[in-house]
Structure formats: C-alpha cells, structure tokens
Amino acid sequence: QVQLVESGGGLVQAGGSLRLSCAASGSIISGNAMAWYRQAPGKQRELVATITRGIITNYADSVKGRFTISRDNAKNTVYLQMNSLKPEDTAVYYCNKLPLMGSWGQGTQVTVSS
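What comes next concerns the included structure. Since this is a predicted model, take the numbers as computed values, not measurements.

A few words on the state of the cysteines. All chains considered together, the criterion is met by one disulfide. Note that Cys22 is cross-linked by a disulfide to Cys95, the S-S spacing being 1.7 Å. Across the S-S bond of Cys22 and Cys95 the torsion is about 55°, and the bridge reads as right-handed. Taken as a pair, Cys22 in strand E3 (residues 18-24) and Cys95 in strand E9 (residues 91-98) lie far apart in primary sequence, 73 residues in all. Comparing Cys22 with Cys95, the two get one shared label, buried.

Structure, rendered in structure tokens:
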C-alpha cells in the first residue's frame, strides 16, 4: 500500500530554498503528529522536524532557524519549507506519522550544490 507521497525535491544552489510536500491517505495528517526525516548518502535516517496535531513544532539543531514544518489538514498535506540550504542538507527526505508507521514512502531527493 502507498499511503505517504513526498514531493518537491530538486537541485538547488547553497543559500536557496525548496518546499517539500507530503500527501497522505486515511486521515493520517489530521489524526497524528507528523515528522520529516532525511537520509544522506552513507548515513542513517535522521529526524529533521516534527509537528503535533496542533501547531507545536520541534527541529533538529542542524536545521533550526532555517526549516519550517507546517500542516494543512484540509488538504491532508504536511510541508517542509527549507531556506538557506547548505550542501550538508543533501539527502532523501521522508515524511511519516508519530509513532512511526514502519513503512515509508519513496522520499524526495534534495541536492544542494556549492
């Protein structure tokens, strides 16, 4: 089953911006806290940002002040606005609910060049 669909990734220069989207089915977005993860080449998947069923958010230290997570329950979508991108942000980005479903979407590739 495909329940999570990430999109919006691409190639961008350092200092640029991207907005990622995560569409979900089965009322996952409205009914759960949500999170964005990323996995860089040669590294394990890491937590990037979370948002509660309300609007409370938390961020990894590496992205704090640059990334913003938000949700639109009416559209069953979670967003990740990424500004001031750095080469070390290069990774495949995934969304999921909290607690984790155990299954993941295909992710969306973000590549930041110098």
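Residues Trp36, Val48, Phe67, Leu80, Met82 and Tyr93 are the most contacted members of the largest nonpolar core, which totals 26 residues. Only E3, helix H1 (28-31), strand E4 (33-39), strand E5 (46-51), strand E7 (67-72), strand E8 (77-82), E9 and strand E10 (108-113) provide two or more residues apiece to this core. Looking at this core, the element that brings in the most residues is E3, giving four residues.

Our focus in this paragraph is the pattern of salt bridges. In the structure shown here, the tally under the stated rule is four salt bridges. A salt bridge links Arg38 to Glu46; the nearest nitrogen and oxygen atoms lie 2.9 Å apart. Residue classification places Arg38 among the buried positions, given a relative accessible area of 6%. Salt bridges sharing common partners tie together Arg38, Glu46, Arg66 and Asp89.

Definitions and limits used
Residues numbered from 1 in each chain as written. Predicted model: local features only at pLDDT ≥ 70, side-chain atom pairs only at ≥ 80, totals over all residues. Heavy atoms only, no water. Disulfide = S-S within 2.5 Å. Helix = DSSP H or I, 4+ residues; strand = E, 2+ residues; numbered from the N terminus. Buried < 20%, exposed > 50% of the residue type's maximum accessible area, 1.4 Å probe, protein only. Core = buried A, V, L, I, M, F, W, Y, C linked by side-chain atoms within 4.5 Å. Salt bridge = Lys/Arg side-chain N within 4 Å of Asp/Glu carboxyl O.

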